[in-house]
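Listed below, chain by chain, are the residues.
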Amino acid sequence: MFLSRVDKHCFLLFVFVFQAIFILILYRGGPSNVLRGFLESPQVVDYSKPHDVYTNLSLFSRAPNEDTMPYCSAQSPILVGPLTISFRVLPSERTIMKRNPFVQSGGHYRPPHCFARYKSAILVAYRNQEKQLHHLLYYIHPFLQRQQLSYTIYLIQQVGTGSFNRAKLLNVGVREAMKDEEWDCLVLHDIDLVPENDYNLYICDEYYPKHMASAMDKFQYTLPYKSFFGGVSALTPEHYMKMNGFPNTYWGDGGENDDIATRIRLAGMKIVRTSPHVGRYRVMDYNEETELQEPWSRYLLGLGATLGLGAGWLLLSSSPAPPVTAAFSALG
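About the thresholds
Residues numbered from 1 in each chain as written. Predicted model: local features only at pLDDT ≥ 70, side-chain atom pairs only at ≥ 80, totals over all residues. Heavy atoms only, no water. UniProt positions renumbered as here; feature names shortened; annotations may be inferred. Core = buried A, V, L, I, M, F, W, Y, C linked by side-chain atoms within 4.5 Å. Buried < 20%, exposed > 50% of the residue type's maximum accessible area, 1.4 Å probe, protein only. Helix = DSSP H or I, 4+ residues; strand = E, 2+ residues; numbered from the N terminus. Polar contact = N/O pair within 3.5 Å; in protein donor to acceptor, adjacent residues only side chain to side chain. Contact = heavy atoms within 4.5 Å.

The chain appears in an unreviewed UniProt entry as Beta-1,4-galactosyltransferase from Cyanoderma ruficeps. Per its UniProt entry, the chain bears the Cofactor (unreviewed entry) comment "Mn(2+)". Annotation of the chain in UniProt includes, under Function (unreviewed entry), the sentence "Responsible for the synthesis of complex-type N-linked oligosaccharides in many glycoproteins as well as the carbohydrate moieties of glycolipids."

Spelled out as structure tokens, the structure:
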């Protein structure tokens, strides 16, 4: 039986759409990668009704026997989406430690109730930014715990008064982090950015470096330019080696992110981005809000290096750059 002209056109359209979908799946690295993208992004994102970042975190209690502990679920059962972020009150170290009882000495955490499916190292270049550090730790620790990740936060501190070299510090951080663990993902995190949605999973894309801070409030939640790779990004150790690490020659603010984006392209890779509906970040701006300190925080702030923001400090050589200190780190 011959098809009518209309039926032929419908059939050809169907074949064309099917081929387009098939090519898209291959281009994104297979069906599992495409499905993961859908799982990362909830269908409805209502930022007018945010949740506290510590909501339901107490539901994670220590398993009675590690030998019979199951693997964590593929998707955390306590993700809520949009989160309430405020920088009006500076949290003390005591508050951060009290609210994160399962964070181990050195800033390491693993789920107490299940075996994590994913291990991420959070690398933060740092210098003389104690207020931003306290705010970041207050939000990022429960944020990562809600995702059932095994993680460690590494602070790589540059001492001295010379120009800041973020990329070189991150190179040091990668080197030291890989001595501790075979991490699945290396997350490069600016200290003044806090994520607004816990569906923004701090895991790597299997095939390409991922830019996670795709929508910052200071840019009206849009990209400042097409190749932007700053703020928060994630890449696997294999990506890092393929692009030959980060540039060591950029002193001061800016420049290194564009260089990293170029290295990614020259290595035959591309940048994938978290959906802007999910990859939203608040930037800490102390000119906008009046900050209040908790009663006991004034004393503790002066003791950050010895009381909880660094459980073991290691002096690293970074010649000819200024000395670099890595704090292993960020709580405990």
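So, next bit.
Here we take up the nonpolar core. Formed by 48 residues in total, the largest nonpolar core has its most connected members in I140, L144, V187, Y202, V232 and Y281. Residue assignment for this core shows that the elements contributing at least two residues are β3 (119–126), α4 (130–146), β4 (150–158), β5 (185–189), β6 (193–195), β9 (232–235) and β11 (280–283). Element by element, the count of residues in this core is highest for α4, at eight residues. Core analysis: the next-biggest nonpolar cluster, separate from the first, contains 27 residues, Y154, I156, M243 and A267 among them.

This part is about unusual backbone geometry. Positioned with a positive phi, N128 is a non-glycine residue whose angle comes to about 55°. Relative to the assigned elements, N128 resides in the loop between β3 and α4. Positive phi, normally seen in glycine, also occurs at N244, with a value near 65°. With respect to the helices and strands, the residue N244 is situated in the loop between α6 (237–242) and α7 (256–266).

Mapped onto the elements of the fold, Q148 is located in the loop between α4 and β4. For Q148, a relative accessible area of 5% gives the class buried. Reaching out from Q148, the side chain makes a polar contact with the side chain of S73 at a distance of 3.3 Å. Setting aside anything within four residues of it in sequence, one finds Q148 in contact with F60, C72, S73, Q75, S76, P77, P111, H113, C114 and A116.

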